[in-house]
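Each chain, written out:
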Amino acid sequence: MSIMADTTREITIVGGGIIGCSTAYFLTRHPAYSPDLHRITLLEASSTSAGGRTPDSVQDPATLADLATAARKSPAHDGIAGGASGKAGGLLALWAFPQSIVPLSFRLHDELAREHGGEQLWGYRRCWASQVDCKARSPPGLKSGTAAGLPSEQAGESKGLHKDHKKSDPAALRRLGVPDQLDWVGGAESLGAYESIGTPQNTAQVHPELFTRAMAQLAEDAGVRIVTGARVTAINRSPDGSRVESVTYVKDDGQETTHPTADCVVAAGPWTRRLLPEIPVTASRAHSVVIRTPRPLSPYALFTAIQLPVGFRAPVPKTAQHGAVAATALRGQQVVEPEIYARPDGTAYACGPTDDVAPLPLTTAEVEVDAARCEDLVAQIGGISDELGRDGEVLARQACYLPQGGPYIGQVGSTKGLIVAAGHTCWGIQNAPGTGKLVSEIIFDGKAKSARLGSCDPANVL
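Residues numbered from 1 in each chain as written. Predicted model: local features only at pLDDT ≥ 70, side-chain atom pairs only at ≥ 80, totals over all residues. Heavy atoms only, no water.

Enquirer: Teacher, can you tell me more about the packing of aromatic side chains here?
Expert: The geometry of two aromatic rings is summed up by the distance between their centres and the angle between their planes. In the structure shown here, the tally under the stated rule is 7 aromatic pairs. Ring geometry for Phe97 against Trp427: centres 6.4 Å apart, planes inclined by 80°, an arrangement best described as edge-to-face. Separated by 330 residues along the polypeptide, Phe97 in the loop between strand 4 (91-93) and helix 4 (102-116) and Trp427 in the loop between strand 21 (418-422) and helix 12 (428-445) bring together distant segments of the chain. When its relative accessible area of 43% is taken as the criterion, Phe97 is described as partly exposed. Grouped by ring-pair contacts, the aromatic residues Trp95, Phe97, Phe303 and Trp427 constitute a single cluster. (Phe/Tyr/Trp six-rings, centres within 6.5 Å; stacked < 30°, edge-to-face > 60°. Helix = DSSP H or I, 4+ residues; strand = E, 2+ residues; numbered from the N terminus. Buried < 20%, exposed > 50% of the residue type's maximum accessible area, 1.4 Å probe, protein only.)

Enquirer: How should the packing of helix 2 (residues 18-29) against helix 4 be read in this particular structure?
Expert: To characterise two packed helices, one gives the angle between the axes of the helices and the distance between these axes. Put simply, helix 2 and helix 4 touch, their axes get as near as 14 Å, and they point 70° apart. The angle between helix 2 and helix 4 falls in the class roughly perpendicular. Contacts between helix 2 and helix 4 involve Tyr25, Phe26 and Arg29 on the former and, on the latter, Leu108, Leu112, Glu115 and His116. In the contact of helix 2 with helix 4, the residues fall into 4 nonpolar, 1 polar and 2 charged. (Axes fitted to C-alpha atoms, helices over the stretch in contact; angles between N-to-C directions. Parallel < 35°, antiparallel > 145°, perpendicular 65-115°, else oblique. Contact = heavy atoms within 4.5 Å. Nonpolar A, V, L, I, M, F, W, Y, C, P; charged D, E, K, R; others polar.)

Enquirer: Hey, could you run me through empty space enclosed by the protein in this one?
Expert: Picture a little ball the size of a water molecule; that probe, rolled over the atoms, points out where space is still empty. The final tally for this structure, using the stated rule, is 3 cavities of 30 Å³ or more. By volume, the largest cavity is sized at about 120 Å³. Lining the largest cavity are 18 residues, with Arg53, Pro61, His207, Val290 and Gln398 sitting closest to its centre. Elements with a contribution of two residues or more to the lining of the largest cavity: helix 3 (84-87), strand 18 (347-355) and strand 19 (393-404). Looking at which element gives the most residues to the lining of the largest cavity, the answer is strand 19, with 3 residues. Residues belonging to the lining of the largest cavity are distributed by class as follows: 8 nonpolar, 4 polar and 6 charged. Roughly 50 Å³ of internal volume is contained in the second largest cavity. Together, Ser49, Lys73, Ser74, His77, Asp78, Ile80, Ala81, Glu209 and Arg213 line the second largest cavity. For the lining of the second largest cavity, the elements supplying multiple residues, two or more each, are strand 3 (78-81) and helix 9 (208-221). Of the residues in the lining of the second largest cavity, the class split is 2 nonpolar, 3 polar and 4 charged. (1 Å grid on protein atoms, 1.4 Å probe; cavity = no way out; pocket = protein on both sides within 12 Å on 5 of 7 lines; lining within 4 Å. Points joined across faces, edges and corners; volume = space filled by probe spheres on them.)

Enquirer: In this structure, what is going on with the nonpolar core? I would like to understand it.
Expert: Most often, soluble globular proteins have nonpolar side chains that are buried together. Leu42, Trp122, Phe211, Met215 and Ile443 are the most contacted members of the largest nonpolar core, which has 51 residues in total. The set of elements that each furnish at least two residues to this core consists of strand 1 (9-14), helix 2, strand 2 (38-44), strand 3, helix 4, helix 9, strand 21 and helix 12. With near-sequence residues (within four places) excluded, Met215 lies in contact with Ile18, Cys21, Ser22, Tyr25, Leu112 and Trp122. (Core = buried A, V, L, I, M, F, W, Y, C linked by side-chain atoms within 4.5 Å.)

Enquirer: I tried to follow helix 4 on my own but got confused; where do I start?
Expert: Every α-helix carries 3.6 residues per turn, so stepping three or four residues along brings you back to the same face. When the terminal C-alpha atoms of helix 4 are compared, their 21 Å separation across 15 residues agrees well with the 21 Å that a helix rising 1.5 Å per residue should span. Buried within helix 4 are the following residues: Val102, Leu104, Ser105, Phe106, Leu108, His109, Asp110, Leu112, Ala113 and His116. In the segment just after helix 4, Gly117 is the residue with positive phi, at about 70°. (Expected span 1.5 Å × (residues − 1).)

Enquirer: Explanation requested: the sheet that holds strand 5 (residues 125-126) in the structure shown.
Expert: Hydrogen bonding along the main chain pairs the strands of a sheet, whether they run parallel or antiparallel. Pairing is antiparallel in the open sheet, where 3 strands are placed in the order 4-8-5. With partners counted over all chains shown, the strands left at the sheet margins are strand 4 and strand 5, one partner each. Of the strand pairs in this sheet, strand 4 and strand 8 (residues 203-205) are connected by 3 bridges, and their pairing is antiparallel. Its bridge partner lying in strand 8, Leu91 is registered against Gln205. Of the strands in this sheet, strand 4, strand 5 and strand 8 touch helix 4, which is tilted by about 120° from strand 4. (Pairing = 2+ DSSP bridges.)

Enquirer: In this structure, what is going on with the pattern of salt bridges? I would like to understand it.
Expert: Note on pairing: side chains with opposite charge can pair once their charged atoms come close. As enumerated under the stated definition, the model contains 22 salt bridges in all. The salt bridge partner of Arg9 is Asp263, with a shortest N-O separation of 2.7 Å. One end of the pair, Arg9, is in strand 1; the other, Asp263, is in strand 13 (residues 263-266), with 254 residues separating them in the sequence. Salt-bridge contacts for Arg397 lead to Asp56; the nearest nitrogen and oxygen are separated by 3.6 Å. Taken together, the residues Arg397 in strand 19 and Asp56 in the loop between strand 2 and strand 3 connect sequence positions 341 residues apart. Looking at Arg397, the relative accessible area reads 17%, which means it is buried. (Salt bridge = Lys/Arg side-chain N within 4 Å of Asp/Glu carboxyl O.)

Nothing here speaks to function; it is geometry throughout.
Set out below in structure tokens:
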């Protein structure tokens with residue numbers, strides 16, 4: 001064995017989502033990193049990013065942006081951002097949690113965008129965040145009482161989608177506090193409440209798949225080896241459990257490989273517990289849709305509470321295994337709470353509630369989409385906005401599994417070199433850069449230096 005091989009430190013990252021890719025990036029930016037002394041390998045279980053999307057969905061979001069500048073998809077990286085990192089909303093906020101790492105990560109997002117042209121590459125921009133309470137309009141021509149199985153004279157005509165719906169009363173909207181530029185949701189007759197949550201001073205957004213893809217490419221350019229279709233099945237420790245010795249992974253063709261490593265960062269999101277059962281990360285499935293809008297929408301992230309009228313499409317129950325695409329009509333009013341994010345690429349993203357009815361599959365490639373849950377979202381957001389409904393075009397129907405329970409960042413127990421970075425909940429995109437930087441410090445400096453781990457320290461649950 002050569003001297004170089006004897007002195008090279010192997011570092012392995014498990015997971016090709018935003019946490020794993022950010023960790024790879026920040027390891028290569030640490031002052032102690034040298035490509036001659038350190039060999040970093042990122043292993044991603046899936047070899048396709050198409051899992052969790054319906055076949056008719058747009059598979060590459062870069063095609064919706066400026067192709068000359070957007071983060072392009074490397075065929076060798078297919079599988080990167082195949083889970084929640086490619087199907088999340090991408091909201092960034094100083095008011096996110098946990099506060100021990102949020103300020104660091106929010107600042108790093110801004111620095112990354114400035115350094116690498118994030119505005120063009122991954123749609124970074126400052127934005128507003130608001131909470132809105134709305135009443136959805138019934139589908140056109142519906143007699144709400146009849147649709148609900150009740151005599152029509154008991155309920156009367158529903159309003160439907162009319163061209164004059166957007167003739168709102170500006171004075172009424174101003175009394176609610178609705179900014180003039182938020183002109184793509186409801187109107188005075190449907191907006192019941194408005195509250196500002198975030199401003200461009202403390203709120204921003206990215207396109208999560210493009211951001212993850214860019215971090216992977218920047219890490220690879222700096223010397224990281226990315227291997228997709230490599231599902232890690234075991235983390236092998238020394239006989240006394242005091243240190244990591246290797247990881248074992250299986251390729252798509254069934255070939256098993258044991259890869260020696262001094263450090264192993266488990267950033268497997270909701271799959272983390274399959275490798276580290278002592279880390280209490282759980283998984284919940286979430287559905288989302290992407291809509292092409294007829295015009296660019298003002299930069300708002302909306303947390304909605306939408307009152308659905310009698311006769312509206314009945315949402316799939318949380319505990320139902322599969323919904324019916326041709327759903328039944330509501331027999332009573334119901335409130336739903338989709339989140340909506342306007343994006344700079346001419347689209348809007350909307351996500352609905354989580355469910356636990358479909359077990360976590362083997363990899364992101366096997367994630368199943370319940371089309372009925374996506375149709376629920378399309379109907380609900382279309383019921384408060386013509387831009388998102390009547391005049392919009394559905395580009396993607398998708399699902400992913402959110403990691404819940406953390407985040408956990410740090411050494412796992414007394415095993416030297418075994419580090420977890422997982423369980424980031426809905427704030428994974430927001431907290432990824434901070435997590436990556438802290439992990440790089442733990443590996444190269446022996447401790448986190450840029451922020452306190454606080455509640456993120458796995459020692460709190462071990």
